Amino acid sequence: MTIKCVREHNGGDTLLYAANLPGAYTRGASLEIAMEKMGAEAVSYLKWKGEPCPEAVSVEIVQDAVCDLQVCDADSDVLFAAEKEPLTMEEYLELKSLALKSAADFLTLYQSIPDKGRSNAPVRKTFYGQVPRTADEMYQHTKNVNEYYFGEIETAADNEGDILECRRRGFEALEKRPDFLANPVIEGSYGECWTLRKVLRRFIWHDRIHAKAMYRMAAGIFGAANIPNPFFF
């Protein structure tokens, strides 16, 4: 299987996105390190989707995006060239289903953690402030991008209820627009460009970042046998 990847980097530190597995990603201090991790990430992602895993994985870089962001902290603003294309209803429904599955699985993981206020992670700050350390902090941070992401494509949403409820309502609001599948490029906050395809990918990507951190933290505290792993990390 060939993973078509978009590289976002500031010269060294690299975020590598699997363009044909929306939301799958790796990070590395170099392109080579990020590429080495992509095989395991692809297998994890395909298991999560319930699809067969390939015997071998190769990486093809299809877009190179240089930035001045702190990509080592997952600061990202890249818009894939392929994310500018209009969507068919079939494509949209498939990506929406993945974004809702991701929210549901994130909620399952969060709810399984016995003590949501415990952490074994060190205090660390990034571009957006202190990194969430406890399950509660990771969950609230991940849930609360809902209003922001939908707002970047001019769709009114909120962060009320659980992560699945507010995400589902956001899609319901989006679908009331007769032209939502046209997928226009919109300049949002901080000069960053967004499309519906990017929002769909970003939801899954952002969930994966914090689900990985939450699972590893919880497994380290409570034991892997006691924590479900719906994402197959």
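All of these numbers come straight from a predicted model, not from anything done at the bench.

Caption draft 1: Fine view of the overall build of the protein. On a plain count of helices and strands, the protein comes out with six helices and eight strands. What you see in the protein, going N to C, is helices and strands ordered as β-β-β-α-β-α-β-β-α-α-α-β-β-α. For the protein, whose C-alpha radius of gyration is 17 Å, the value lies close to the compact-globule estimate of 17 Å for 233 residues. Along the first, second and third principal axes, the C-alpha atoms of the protein reach 45 × 40 × 35 Å. The contacts in the protein between residues at least 6 apart in sequence include a share of 61% that link residues at least 24 apart. When the accessible area of the protein is evaluated, it comes to approximately 10700 Å², of which 51% is carbon and sulfur surface. The distance from the centre of the 27 positive side-chain charges to the centre of the 35 negative ones in the protein is 5 Å.

Caption draft 2: How the structure looks around unusual backbone geometry. Positive phi outside glycine occurs at Asn183, with the angle close to 60 degrees. Within the element layout of this structure, Asn183 appears in the loop between α5 (163–174) and β7 (186–187). Judged by relative accessible area, Asn183 falls into the buried class, the value being 2%. The phi angle at Tyr190 is positive, at roughly 60 degrees, despite the residue not being glycine. Position of Tyr190 among the secondary structure elements: in the loop between β7 and β8 (193–194).

Caption draft 3: Structural detail: helix α3 (residues 135–143). Residues of α3 that are buried: Ala135, Met138, Tyr139, Thr142 and Lys143. Taken down its axis, α3 places every buried residue within 120 degrees of arc, on the same side. On the buried face of α3, the contacting elements are α2 (89–112), α4 (146–152), α5 and α6 (196–222).

Caption draft 4: Structural detail: the side chain of Thr195. The residue Thr195 is located in the loop between β8 and α6 in this model. With relative accessibility at 0%, the residue Thr195 sits in the buried group. At 2.8 Å, the side chain of Thr195 and the backbone oxygen of Glu83 are in polar contact.

Caption draft 5: Spotlight on the packing of aromatic side chains. Counted according to the given criterion, the structure contains 17 aromatic pairs. For the ring pair Trp48 and Phe231, a centre distance of 6.0 Å and an interplane angle of 20 degrees mean the geometry is stacked. Of this pair, Trp48 sits in helix α1 (residues 31–49) while Phe231 sits in the segment after α6, placing them 183 residues apart in sequence. Seen in terms of ring centroids, Tyr92 and Phe180 are 4.9 Å apart; in terms of plane orientation they differ by 70 degrees. Their pairing is edge-to-face. In this pair, Tyr92 is assigned in helix α2 and Phe180 in the loop between α5 and β7, connecting sequence segments 88 residues apart. Among the residues examined, Phe180 registers a relative accessible area of 8% and is labelled buried. Over the ring of Trp194 we find Lys198; its NZ or CZ atom is 4.6 Å from the centre of that ring. Directly above the ring of Tyr17 sits Arg201, whose terminal nitrogen or CZ lies 5.2 Å from the centroid.

Caption draft 6: Broad picture of the pattern of salt bridges. Tallied over the full model, the rule gives 14 salt bridges. A salt bridge links Glu60 to Lys4; the shortest N-O distance between them is 3.1 Å. With Glu60 in strand β4 (residues 58–66) and Lys4 in strand β1 (residues 2–9), this pair connects stretches of sequence that are 56 residues apart. Among the residues examined, Glu60 registers a relative accessible area of 36% and is labelled partly exposed. Relative accessible area serves as the criterion here: at 37%, Lys4 is assigned to the partly exposed category. Between Glu41 and Lys212 there is a salt bridge, with the nearest N and O atoms lying 3.0 Å from each other. Here the residue Glu41 occupies a position in helix α1, and Lys212 occupies one in helix α6, the gap between them amounting to 171 residues. Here Glu41 and Lys212 have matching classes, each one buried.

Rules of the game
Residues numbered from 1 in each chain as written. Predicted model: local features only at pLDDT ≥ 70, side-chain atom pairs only at ≥ 80, totals over all residues. Heavy atoms only, no water. Helix = DSSP H or I, 4+ residues; strand = E, 2+ residues; numbered from the N terminus. Rg over C-alpha atoms; globule rule 2.2 N^0.38 Å. Contact = heavy atoms within 4.5 Å. Areas by Shrake-Rupley, 256 points an atom, 1.4 Å probe, with all protein chains shown as cover. Lys, Arg positive; Asp, Glu negative; His and termini not counted. Charge placed at Lys NZ, Arg CZ, Asp CG, Glu CD. Buried < 20%, exposed > 50% of the residue type's maximum accessible area, 1.4 Å probe, protein only. Arc of directions from axis to C-beta. Polar contact = N/O pair within 3.5 Å; in protein donor to acceptor, adjacent residues only side chain to side chain. Phe/Tyr/Trp six-rings, centres within 6.5 Å; stacked < 30°, edge-to-face > 60°. Lys NZ or Arg CZ within 6 Å of the ring centre and 35° of its normal. Salt bridge = Lys/Arg side-chain N within 4 Å of Asp/Glu carboxyl O.

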